[in-house]
Amino acid sequence: MLDKTYNPQDFEEEIYKKWESDGDFKPDMKSDKDAFCVVLPPPNVTGVLHMGHALNDTLQDILIRYNRMLGKKVLWQPGTDHAGIATQMVVERNLAKEGISRRDLGREKFIETVWKWKEQSGGTICKQLRRLGASCDWSRERFTMDEGLSAAVRKIFVKLYKDGLIYKAKKLVNWDSKFMTAVSDLEVVQKETVGKMYYYKYPIAGEEGEYIHIATTRPETMFGDTAVAVSKDNEKLKHLIGKKAILPIINREIPIIADDHADPEKGTGAVKITPAHDFNDFEVGRRHNLPLVNILNPDATLNENTPFAGLDTQTARQKTIEKMEELGLMEKIEDHPMVIPYGDRSGVVIEPLMTDQWFVDAPTLAKEAIRAVEDGETKFVPQSYEKTYFEWMRNIQPWCISRQLWWGHQMPIWYAEDGTIFCEETEAEAQAAADKQFGRHVNLTRETDVLDTWFSSGLWAFSTLGWPDENSDYLKTFYPTSVLVTAFDIIFFWVARMMMMSMYGMKKIPFKTIYMHGLVRDEKGQKMSKSKGNTVDPMETIEKYGADALRFFMAAMETQGRDINMNENRIAGYRNFATKLWNAARFGEMNEAKPVKDFNISEVKLAINKWIIAKAQEATLEVSKNIEAFRFSDAANGVYQFVWGTFCDWYIEMIKPILYGEDEAAKQETRASFAWVLDRILVILHPFMPFITTQLWDNLASRDVKLIHHPWPQNEVIDDQSAQALDMVIDIISSIRSLRAEMNLPAGAKLKAYVKDASASELSHIKDFANIICSLARLESIEALSGAASSDMVQTVSGNLTILIPLKGVVDFAAERERLQKELAQLDKNLAGYAAKLSNASFVERAPAKVVEEEKRRQSEALANKEKVEAALARIANL
RNA sequence: GGGUGUGUAGCUCAGGUGGUUAGAGCGUUACGUUGACAUCGUAGAGGUCGCAAGUUCGAGUCUUGCCACUCCCA
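Residues numbered from 1 in each chain as written. Chains lettered and ligands numbered in written order. Predicted model: local features only at pLDDT ≥ 70, side-chain atom pairs only at ≥ 80, totals over all residues. Heavy atoms only, no water.

1. Topic: the overall build of chain A
Argument step 1. Helix and strand counts for chain A come out as 29 helices and 29 strands.
Argument step 2. The C-alpha atoms of chain A give a radius of gyration of 38 Å, which is well past the 29 Å a tight globule of 879 residues would have.
Argument step 3. Considering only C-alpha atoms, chain A reaches an extent of 120 × 65 × 55 Å along its principal axes.
Argument step 4. Taking as baseline every contact in chain A between residues at least 6 positions apart, the subset at least 24 positions apart corresponds to 77%.
Argument step 5. Carbon together with sulfur atoms contributes 48% to the accessible area of chain A, which is approximately 39600 Å² in total.
Argument step 6. For chain A, the centre of its 110 positive side-chain charges and the centre of its 127 negative side-chain charges are spaced 2 Å apart. (Helix = DSSP H or I, 4+ residues; strand = E, 2+ residues; numbered from the N terminus. Rg over C-alpha atoms; globule rule 2.2 N^0.38 Å. Contact = heavy atoms within 4.5 Å. Areas by Shrake-Rupley, 256 points an atom, 1.4 Å probe, with all protein chains shown as cover. Lys, Arg positive; Asp, Glu negative; His and termini not counted. Charge placed at Lys NZ, Arg CZ, Asp CG, Glu CD.)

2. Some details on the protein's contact with RNA strand B
Argument step 1. Taken together, 44 residues form the shell around RNA strand B, and within it Thr 559, Arg 562, Thr 579, Trp 644 and Arg 846 come nearest.
Argument step 2. Taking the atoms of RNA strand B that fall within 4 Å of the protein, sugar and phosphate contribute 65% of them.
Argument step 3. Side-chain polar atom of Thr 579 to a base oxygen of RNA strand B: 2.5 Å apart, as the coordinates give it.
Argument step 4. Of all the elements in the fold, those that place two or more residues in the surface near RNA strand B are α19 (568–590), α21 (632–659), α24 (723–742), α27 (813–838), α28 (841–846) and α29 (849–875).
Argument step 5. Sort the elements by how many residues they give to the surface near RNA strand B and α19 lands first, with 11 residues.
Argument step 6. Here the surface near RNA strand B is composed, by residue class, of 15 nonpolar, 11 polar and 18 charged. (Near = heavy atom within 4 Å. Polar contact = N/O pair within 3.5 Å; in protein donor to acceptor, adjacent residues only side chain to side chain. Nonpolar A, V, L, I, M, F, W, Y, C, P; charged D, E, K, R; others polar.)

3. A word on the layout of surface pockets
Argument step 1. Here the second largest pocket defines a volume of roughly 1500 Å³.
Argument step 2. Where the lining of the second largest pocket is concerned, the elements lending two or more residues are β7 (188–203), β8 (211–216), β12 (270–273), α8 (279–287), α9 (313–326), β13 (330–343) and β14 (350–360).
Argument step 3. Per element, the largest residue contribution to the lining of the second largest pocket is eight residues, and it comes from β7. (1 Å grid on protein atoms, 1.4 Å probe; cavity = no way out; pocket = protein on both sides within 12 Å on 5 of 7 lines; lining within 4 Å. Points joined across faces, edges and corners; volume = space filled by probe spheres on them.)

4. Considerations on the confidence of the model for chain A
Argument step 1. Averaged over all residues, the pLDDT of chain A is 87; the fraction at 70 or higher stands at 99%.
Argument step 2. Scoring of the predicted complex yields 0.88 for pTM and 0.94 for ipTM. (pLDDT = per-residue confidence, 0-100.)

5. Examining α29
Argument step 1. An ideal rise of 1.5 Å per residue puts 39 Å on 27 residues; α29 measures up with 39 Å between its terminal C-alpha atoms.
Argument step 2. Within α29 the residues assigned to the buried category are Val 852, Glu 855, Ala 862, Asn 865, Lys 868, Val 869, Ala 872, Leu 873 and Arg 875. (Expected span 1.5 Å × (residues − 1). Buried < 20%, exposed > 50% of the residue type's maximum accessible area, 1.4 Å probe, protein only.)

6. Digging into unusual backbone geometry
Argument step 1. Following Trp 467, the chain continues to Pro 468 via a peptide bond in cis, the omega torsion being 10°.
Argument step 2. Among the secondary structure elements, Pro 468 is positioned in the loop between α14 (460–463) and α15 (473–478).
Argument step 3. Look at the link from Tyr 479 to Pro 480: it is a cis peptide, with omega at -5°.
Argument step 4. Counting through the fold element by element, Pro 480 comes out in the loop between α15 and β22 (481–487).
Argument step 5. A positive phi angle is found at Asp 757, which is not glycine, with a value near 65°.

7. A word on the sheet that holds strand β28 (residues 793–798)
One key point about sheets: their strands pair by backbone hydrogen bonds, in either a parallel or an antiparallel sense.
Argument step 1. The mixed open sheet is built from four strands, whose spatial order is β27-β26-β29-β28. Two strands in the sheet have a free side with no partner beyond their single neighbour: β27 (779–784) and β28. Recorded for the sheet is a direction-independent mean angle of 25° between the axes of neighbouring strands.
Argument step 2. Pairing of strand β26 (residues 751–756) with β27, which is carried by five bridges, proceeds in the parallel orientation. (Pairing = 2+ DSSP bridges. Axes fitted to C-alpha atoms, helices over the stretch in contact; angles between N-to-C directions.)

8. Considering the pattern of salt bridges
Argument step 1. Using the criterion set out here, one finds 31 salt bridges in the structure.
Argument step 2. The salt bridge involving Arg 131 is made with Glu 13; its shortest N-O contact spans 3.8 Å. With Arg 131 in helix α6 (residues 124–132) and Glu 13 in helix α1 (residues 12–21), the pair connects residues that are 118 residues apart, well separated along the chain.
Argument step 3. Arg 631 is paired through a salt bridge with Asp 634; the nearest N and O atoms lie 2.9 Å apart.
Argument step 4. Via salt bridges that share partners, Lys 18, Asp 22, Asp 24 and Lys 706 belong to a single interconnected network. (Salt bridge = Lys/Arg side-chain N within 4 Å of Asp/Glu carboxyl O.)

9. Digging into the environment of Ser 798
Argument step 1. Within the fold, Ser 798 resides in strand β28.
Argument step 2. Spatially, the C-alpha atom of Ser 798 lies 5.8 Å from that of Ile 732, the residues being 66 residues apart in sequence.
Argument step 3. Once residues lying within four places of it in the same chain are set aside, the contact partners of Ser 798 are Asp 731, Ile 732, Ser 735 and Ile 803.

10. Quick notes on the packing of aromatic side chains
Argument step 1. Throughout the structure, instances matching the rule amount to 39 aromatic pairs.
Argument step 2. Consider the rings of Tyr 200 and Tyr 202, whose centres lie 5.5 Å apart with planes at 25°: the pair is stacked. Like Tyr 202, Tyr 200 is buried.
Argument step 3. An aromatic cluster is present here, built from Phe 552, Tyr 574, Phe 577, Tyr 640, Trp 644 and Phe 688 joined pairwise through their rings.
Argument step 4. The ring of Trp 19 carries Arg 65 above its face, with NZ or CZ at 4.4 Å from the centroid.
Argument step 5. The side chain of Arg 130 reaches across the aromatic face of Trp 138, ending 4.2 Å from its centre. (Phe/Tyr/Trp six-rings, centres within 6.5 Å; stacked < 30°, edge-to-face > 60°. Lys NZ or Arg CZ within 6 Å of the ring centre and 35° of its normal.)

11. Looking at the nonpolar core
Argument step 1. Core analysis: the largest hydrophobic core is formed by 136 residues, its most contacted members being Trp 611, Phe 647, Met 654, Phe 688 and Ile 782.
Argument step 2. Tallying contributions element by element places α21 first for this core, with 15 residues.
Argument step 3. Contact partners of Met 654, with chain neighbours within four places excluded, come to Ile 608, Trp 611, Leu 726, Val 729, Ile 730, Ile 772 and Leu 776.
Argument step 4. Counting residues in each nonpolar core, the second largest holds 63 residues, with Trp 358, Trp 399, Phe 462 and Ala 496 among its members. (Core = buried A, V, L, I, M, F, W, Y, C linked by side-chain atoms within 4.5 Å.)

12. Looking at the sheet that holds strand β23 (residues 511–517)
Argument step 1. Strand order in the open sheet formed by three strands is β15-β23-β22, and the pairing between neighbours is parallel. The two strands at the open ends of the sheet, each matched to only one other strand, are β15 (379–381) and β22. Sheet twist, expressed as the average angle between the axes of neighbouring strands with direction ignored, equals 20°.
Argument step 2. As judged from the six bridges shared by β22 and β23, these two strands associate in the parallel manner. The residue bridging Thr 481 from the neighbouring strand is Phe 511, located in β23.

13. Let's talk about helix α3 (residues 84–97)
Argument step 1. Relative to the 20 Å expected for 14 residues at 1.5 Å per residue, α3 spans 20 Å between its end C-alpha atoms, a close match to the ideal helical length.
Argument step 2. Considered for burial, the residues of α3 that qualify are Gly 84, Ile 85, Ala 86, Thr 87, Gln 88, Met 89, Val 91 and Leu 95.
Argument step 3. Where α3 is buried, its residues touch α4 (102–105), α5 (107–121), β6 (181–183) and α13 (453–457).
Argument step 4. Of the residues flanking the end of α3, it is Gly 99, one or two places downstream, whose phi is positive at about 75°.

14. Comments concerning a positive patch on the surface
Argument step 1. A cluster of basic residues, Arg 93, Lys 97, Lys 178 and Lys 530, forms a positive patch on the protein surface.
Argument step 2. Here Lys 178 lies in the loop between β5 (166–176) and β6.
Argument step 3. We classify Lys 178 as partly exposed; its relative accessible area is 48%. (Patch = residues over 30% accessible without salt bridge, like charges linked within 9 Å, V, L, I, M, F, W, Y side chains within 5 Å.)

15. Some thoughts on the environment of Met 566
Argument step 1. With respect to the secondary-structure elements, Met 566 resides in the loop between β25 (564–565) and α19.
Argument step 2. C-alpha separation for the pair Met 566 and Met 528, spaced 38 residues apart in sequence, amounts to 9.8 Å.

16. Observations regarding the packing of helix α18 (residues 547–557) against α19
A packed helix pair is summarised by two numbers, namely the angle formed by the two axes and the spacing between the axes.
Argument step 1. Between α18 and α19, the least distance of the axes is 8 Å, while the angle of their chain directions is 115°. The pairing of α18 with α19 is recorded here as roughly perpendicular in orientation. Note that α18 runs across α19; the crossing there is right-handed. Of the residues in α19, those touching α18 at Ala 549, Leu 550, Phe 552, Phe 553, Ala 556 and Met 557 are Arg 570, Ile 571, Tyr 574, Arg 575 and Phe 577.
Argument step 2. Considering only residue class, the contact of α18 with α19 consists of nine nonpolar, no polar and two charged. (Parallel < 35°, antiparallel > 145°, perpendicular 65-115°, else oblique. Left-handed = near helix turned anticlockwise from the far one by under 90°.)

17. As for the side chain of Arg 317
Argument step 1. Checked against the element boundaries, Arg 317 lands in helix α9.
Argument step 2. Residue classification places Arg 317 among the buried positions, given a relative accessible area of 13%.
Argument step 3. Other than its neighbours up to four places away in sequence, Arg 317 contacts Tyr 198, Thr 217, Arg 218, Pro 219 and Glu 220.

18. Concerning the side chain of Arg 65
Argument step 1. Mapped onto the fold, Arg 65 is located in helix α2 (residues 51–69).
Argument step 2. A polar atom in the side chain of Arg 65 sits 2.7 Å from the side chain of Asp 61.
Argument step 3. Ignoring anything within four residues of it in the chain, the contact list for Arg 65 reads Trp 19, Phe 25, Gly 133, Ser 135, Arg 551, His 686, Pro 687, Pro 690 and Ile 708.

Quick look at the structure:
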């Protein structure tokens, strides 16, 4: 027997453990069916599950479970990302608590510590994914730093290097002074702030009392100035071009050059050029062959090229201003709105800095990645994301892949004493190559930089399937993967890079479809963030409402291209939905509705049972179609509507008279049909709510097949002949219920009803379903009206039928007149609309005949109804 | 500044290709403990579909302009 109340905490975790220990998530590699594969976007190993994951993983699990039930060979490939900076940060913070810095430990010991941390605390998010019900094949769990994936990284790195697509260059890069590493453009966030604009002047060399006026937001960088630029079109200032300015304080002469970077309309029209510390100035410097003067140390303090060595930029700025004031060169300081770059992990100001770094030639790799999408080999859903993708890919910049961190893939690069570079997959190979080239044994030292985390996750679609082993069964079976499901915020970080790396490494697309979903926001539509304190922990939600309710919420809210706002009421609503299903199942149990082996739906005789079976099949079709089209909300709402609105609200209520009646054959068939439909519900609801469906499946009967592997119904022939009769019954019941409510008839009053204007077949249906109608509309009887309607009868119209109920002295006829007047007004309004359309010659001429016919039908129906209502009004006019 | 979305009931949201009286859940009102379920049932109220013009026999849906907000890129 099922428990009286639905309590997901009682069974969800156990069910998951059983699936996992039974190997239910593993693909049957011997099967000859189509393959279906999804790679899990690897969460950071430091991560904990947030609502974004809950959405992402629910959608993937729905696709995975649906396709598994379709009988395909299904793999959901899980794993985690080593998350370079994030992980190093966590471990460094832990060490700091014990007063140890990573430098105290040294590189090797530190990395050991990270690995230890990973073993102990790295698996949190994977446990949480299990709690959500994600049916990943955990036996194949990978980590971006594990041996296989590291081999993939080395192999592709060497290949790229030898193809000339990885190179070392001294360039201006985004420098994070907290972690003392370069970061990529994507890891920099631009924040708007109100800063200051400083106006000062530089003396002109050899011209006493002449100055050039400068406006800058960063006075302390003046020690790195190697020119002042003026536009050649600047009438006021162009006479200065070719002269020299003197950098005050350090008294260095710098040229005044002509360059359009200096906009005559902005600031003073003259711009100080600091090529080593500004991306724009760097370009100016290159155009004019200006020297680069670096004024910063790696920790963003000023160096000995300045008078303020060792001071941080803020202090140095104050000192510079003071000095300039002393010299009488400071003019004014104004508030100035500006955009300042910050490190997305470190939160410190990012400084452009000249350093030696390694780059991937992204513009070259992007070509194939663009082509694959242009040619439709990979499709974006919703398609509009193609635009974003193309926009980015066509303007892509070289990708800085080196990081001056310790945690990550160390680059397979070795230097000889003279600096010659050797790039091989192993040290031995590098040594051999070096010895061969030099003709003697040389000492090699390895590059200390590690790779950007996204370099290894860029290989994820194929490295997890066994590459570089080209003969791997999994690689052959599952590559290209079927669908990638991800949020749009990592389209550049990850999706674009996987496309590039896969097209380069595999010469084939990584996935056929990329499904992009939105972000999960808080109730007000604000982005969730720890600093705002508006995050909702999915684990707490699951604890309170069950994983199924959270999953169903995510599915039901997922409409293409839109963000999802959290809504606890709604989650509670889906928990109620689960409760509803639970109680429906209990109803079946109490009424001995057990699944019947080899139950043949084509032999079902009762219209009510035929009807619900057809409706269940229609719902199945709807769910299938919508999942295939990635219309998750339509799919979820389809099952919801069927379970609650059709099965519980109508079918269960309508079969009660049968189940409590005397007709044994009818009872038997109804019990079997009920059980069949309930089973069908469990099947089509399973991808959305795997736990409750499995719990019910396992407890309602002994089964030959586990629900997780139950075949998904396909190609069914739907017999909906009985649909019309049942629709009429439902319509009659609804009309009578409305009438009762509107007239405030006591719920307990048993009434007699008479039907007018019914055809012979309609009358026979009414007779067949009389007990159902009476039970649900709380009538004493329903039969055909013989003779004229008596004057105390109130009426309601249902389709083309008129239902009359005599109400001697029970009713307030004034209220009834009011009700009928209201109905009449509505009918008149509609009739006016139909008449306007049909008297419009161009409508009748140009609209399709079907539409015109339909309009005429509606008009005549409304007219007939109007007559009936008028008759009823006349009848009770004097009461 | 460039680009992209969004604006529908009190709230949160659905409304592929234009065609009934624009739907759901929550909330709300009235009634109800009828032998699964009060985490419930029945019935109702509630909308100039952001604004304005246009195309069309017909516009929530297509076009243009405007307003407000979101996000991405500079």
